[in-house]
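This is what each chain is made of:
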Amino acid sequence: MWIPIQINEQSAEPLYHQIGIQLRALIVSGQLEEGTLLPSIRELAQHLKCSVITIRRVYQNLETEGLLFTRQGTGTFVAQVGAEERSRHRLESVVEAFEAAVAAALRVQCTEEEMGDIYRSVVKERLRQSRQGD
Amino acid sequence: MNNDEAVIRLTEVEQSRAHFKLGPLNLNVPKGYVTAIVGPNGSGKSSTFRLLLDLAKADRGSMEMFGEPVGRDDVKLKQRVGYLPDDSLSEEDSLRGSERAAFTKIWYPGWDVNRYTELLNLFEVNPDLKLGKMSKGMRRKFELTLALSHDPELLLLDEPSSGLDPLAWKKMIEVLHHYMEQGNRTILMATHIIDEVRRLADYIVFLVNGRALGVYEKDELFSSWHIFYVQDERSVYELLSGIPGIRAKEKAGGGVIKVITNKAMDAEKWLQKEGIKITGRTPMELDEIMASLIDNDRLRMRQS
C-alpha cells in the first residue's frame, strides 16, 4: 500500500515529527478510512527510507492519540475519528507547511510585504488552475 | 537502545596484533534491528566479525551472543547465525555450488531447501557451476543464499554487496528487508556503501582505528548533522563558536561562513536568536559525518 508521505531532508525537524504530522492529516482528513490496515513498520520504513525506530515511534504516538490501534499479530489499523478530533487536526499540517514556506522566505530575506504578495498570487493561480480542472 | 534485548554484547574486547589493535570495543547489537558498522578500510570491521564467530580469539574482554558466551557451545550458537564473510575461500573454488550447499546443509538443522531454491531462482544463480567458475557477483549471490537458507536469527554480513551489479544489489536489499519483516531477526552488517546504510540500517556504528566512535540512531543522526551557510558580517565568525553542536567552521569565500553542527534544530534557533542570516543549509552525507568524527577523534587523541 502506498501512502503519500513526503520527507523534507533539508529540514532539521525530526523525521518522526514530519511523518507523524502527515500521517495524522491523512487519517483525520479521511483519506485513510477507518479500519484501513497500515503497512507494517518495516515496510513503511523501507518505503520512506527511514529506520523502523522512527516509524514505531510515529505509530505509537498516533496510537496514544487514539488515531490508530494495533491488533496483536494482525497489524496496525486506522481508528474511528470523531468530528471534534477531525476539526482539531484539520489545519495542523497546513500550518506546518506555511511555517516551512515562511522559513524559506526568511532565508532569502523576504519582507513581510513580499511574502504577502507571493501568497496572494500563489493562491490566485492555484484556484484558477483547479477551476479549470473541474 | 537500552530497553531492547541485545543479541550481541561486546564488553571491553581487545585484540592486539603486530600491526593493529582492535578495541577496547563496547558494543550492543539490539534484537529486531539492522545495525550497520561503517568505517574506513582497516578499521577492524572484519576482525570484529571473526571474533564473534570465534574464528579468532580476543586477548581481553567478554563477548556474548544470544546471552551465551562466545567460544563454548559453538555449534549450537552458530546454527542460529548466518555469516557472509568479506572474501570467498579459494579452497572452495573447485566445488560445485550444489556440493557446497550439501556440505552446509549437514551443519544446519534449520536448512530449508525451498528457501534455498527460491533464492537461487531469484538471484539467477546456477548451482551446477564450480564456485571458481562463477563470476564474482554470482558467487556473492550464491554465498548470500547459503547464509540465508537455514533461517538464521542473526545475520552477520561483511560487505555484502561487493561485486553485485545494481540490479542484484536491489534484489539483495529486498531480500534483507523481507528477512527482517518477522520482527525478531537481527542483522549486523559492515558496509561502506552509503545507500545501503540509507536503505537498510536502523542503527549506525562508526568504527575507526579499532574503536567504536558511538552508536547512533540513523534518522536522528541524519537530521541532526547539518551544514549551515551564514553571512559573514560584523563579528559573526567569532560569535559562531557559541553555536550549539559546533563541529567546524570556516570562511567559505564570497562573504559566507560554513558551519558544521550536530544539533541542527538548536543551531537554527540560536542563529535566529542571534540575528545571524542563514543563506543556505544542507543535511550531511554519511561520509562527511564520518570524516568530521574522525577529525575530532584525532584531535582528542592528540590532546590526551
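Residues numbered from 1 in each chain as written. Chains lettered and ligands numbered in written order. Predicted model: local features only at pLDDT ≥ 70, side-chain atom pairs only at ≥ 80, totals over all residues. Heavy atoms only, no water.

Per an unreviewed UniProt entry, chain B carries the name ABC transporter domain-containing protein and comes from Paenibacillus abyssi.

Per an unreviewed UniProt entry, chain A goes by the name GntR family transcriptional regulator and belongs to Paenibacillus abyssi.

S.K.: Just to check I follow, could you spell out the domain arrangement of chain B for this structure?
M.R.: Size of an interface, as often reported, equals the accessible area lost when the parts are brought together. When its domains are assigned, chain B resolves into domain 1 (3-221) and domain 2 (226-283). The distance between the C-alpha centroids of domain 1 of chain B and domain 2 of chain B comes to 40 Å. (Domains from an automatic or database assignment.)

S.K.: Hey, could you run me through the packing of aromatic side chains in this one?
M.R.: Both the distance between ring centres and the angle between the ring planes are used here to describe each pair of aromatic rings. All told, the structure shown has six aromatic pairs over all chains when counted by the stated rule. Judged by centre distance (5.7 Å) and plane angle (70 degrees), the ring pair of phenylalanine 206 of chain B and tyrosine 216 of chain B falls under edge-to-face. Remark: tyrosine 216 of chain B occurs in strand β10 (residues 211-217) and phenylalanine 206 of chain B occurs in strand β9 (residues 203-208); sequence separation between them is 10 residues. When its relative accessible area of 25% is taken as the criterion, tyrosine 216 of chain B is described as partly exposed. The positively charged end of arginine 57 of chain A is found above the aromatic ring belonging to tyrosine 16 of chain A, 3.8 Å away from the centroid. Cation over ring: lysine 251 of chain B sits above tyrosine 237 of chain B, and NZ or CZ is 4.9 Å from the ring centre. (Phe/Tyr/Trp six-rings, centres within 6.5 Å; stacked < 30°, edge-to-face > 60°. Helix = DSSP H or I, 4+ residues; strand = E, 2+ residues; numbered from the N terminus. Buried < 20%, exposed > 50% of the residue type's maximum accessible area, 1.4 Å probe, protein only. Lys NZ or Arg CZ within 6 Å of the ring centre and 35° of its normal.)

S.K.: Looking at this structure, how should I read the interface of chain B and chain A?
M.R.: Taken together, the contacts link 28 residues of chain B with 20 residues of chain A. Taken together, both faces of the contact between chain B and chain A bury some 2,100 Å²; the carbon and sulfur share is 49%. Joining chain B to chain A, the criterion identifies one salt bridge. In this structure, arginine 42 of chain A and aspartate 202 of chain B form a salt bridge, with 3.1 Å as the shortest nitrogen-oxygen distance. In this assembly, chain B and chain A are joined by eight residue pairs in polar contact (both at pLDDT 80 or more). If one sorts the elements of the side of chain B that touches chain A by residue count, strand β14 (residues 278-283) of chain B sits on top with five residues. (Contact = heavy atoms within 4.5 Å. Buried area = accessible area lost by both parts, 1.4 Å probe. Salt bridge = Lys/Arg side-chain N within 4 Å of Asp/Glu carboxyl O. Polar contact = N/O pair within 3.5 Å; in protein donor to acceptor, adjacent residues only side chain to side chain.)

S.K.: Got a minute to help me understand the nonpolar core in this structure?
M.R.: Considering soluble globular proteins, one finds that nonpolar side chains tend to be buried as a cluster. Residue and element names in this part refer to chain B. Core analysis: the largest hydrophobic core is formed by 50 residues, its most contacted members being Phe142, Ile187, Ile204 and Phe206. Of all the elements, helix α6 (residues 166-180) adds the most residues to this core, at eight residues. With sequence-adjacent residues up to four places away left out, phenylalanine 206 is seen in contact with Val38, Arg211, Ala212, Leu213, Gly214, Tyr216, Leu221, Leu286, Ile289, Met290 and Leu293. (Core = buried A, V, L, I, M, F, W, Y, C linked by side-chain atoms within 4.5 Å.)

S.K.: Please clarify how a nonpolar patch on the surface should be interpreted in this entry.
M.R.: All names here are of chain A. A surface patch of nonpolar side chains, about 600 Å² in accessible area, is lined by Leu91, Val94, Val95, Phe98, Tyr119, Val123 and Leu127. Contributions of two or more residues to the nonpolar patch are made by α5 (92-107) and α6 (112-133). Here phenylalanine 98 is to be found in helix α5. (Patch = residues over 30% accessible without salt bridge, like charges linked within 9 Å, V, L, I, M, F, W, Y side chains within 5 Å. Areas by Shrake-Rupley, 256 points an atom, 1.4 Å probe, with all protein chains shown as cover.)

S.K.: What am I meant to see in the pattern of salt bridges here?
M.R.: Two side chains with opposite charge may pair up if their charged atoms get near one another. Residues and elements named next belong to chain B. On inspection of all chains with the given rule, the structure shows 25 salt bridges over all chains. Residues arginine 139 and glutamate 143 are paired through a salt bridge, measuring 3.4 Å at the closest nitrogen-oxygen approach. Note that arginine 139 and glutamate 143 are positioned in helix α5 (residues 136-148) at a spacing of four residues, about one turn of the helix. Each member of the pair arginine 139 and glutamate 143 is classed as buried. Among the salt bridges present, the one from arginine 300 reaches aspartate 297, with a minimum N-O distance of 3.1 Å. Linking arginine 300 with aspartate 297, this pair stays in helix α11 (residues 286-303), spanning three residues, or about one helical turn. Classification of aspartate 297 by relative accessible area gives buried; the value is 4%. In this structure, a network of salt bridges that share partners links the residues Asp93, Arg139, Arg140 and Glu143.

S.K.: Would you take a moment to explain the UniProt feature "domain: HTH gntR-type" (unreviewed entry) in chain A for this structure?
M.R.: Under the UniProt annotation, the feature "domain: HTH gntR-type" (unreviewed entry) is placed at residues 13-81 of chain A. Taken end to end, residues 13-81 of chain A has its terminal C-alpha atoms 26 Å apart, with 51% of it in helix and 12% in strand. (UniProt positions renumbered as here; feature names shortened; annotations may be inferred.)

S.K.: What is the right way to read α11 of chain B from this model?
M.R.: Structural remark: α-helix, 3.6 residues per turn; residues separated by three or four positions point the same way. All names here are of chain B. Compared with the 26 Å implied by 1.5 Å per residue over 18 residues, the 26 Å span of α11 between its first and last C-alpha is a close match. All buried positions along α11 are accounted for by Leu286, Ile289, Met290, Ser292, Leu293, Ile294 and Asp297. Looking at the packing, one finds that the buried side of α11 touches β3 (34-38), α7 (194-200), β9, β10, α8 (218-224) and β12 (246-253). (Expected span 1.5 Å × (residues − 1).)

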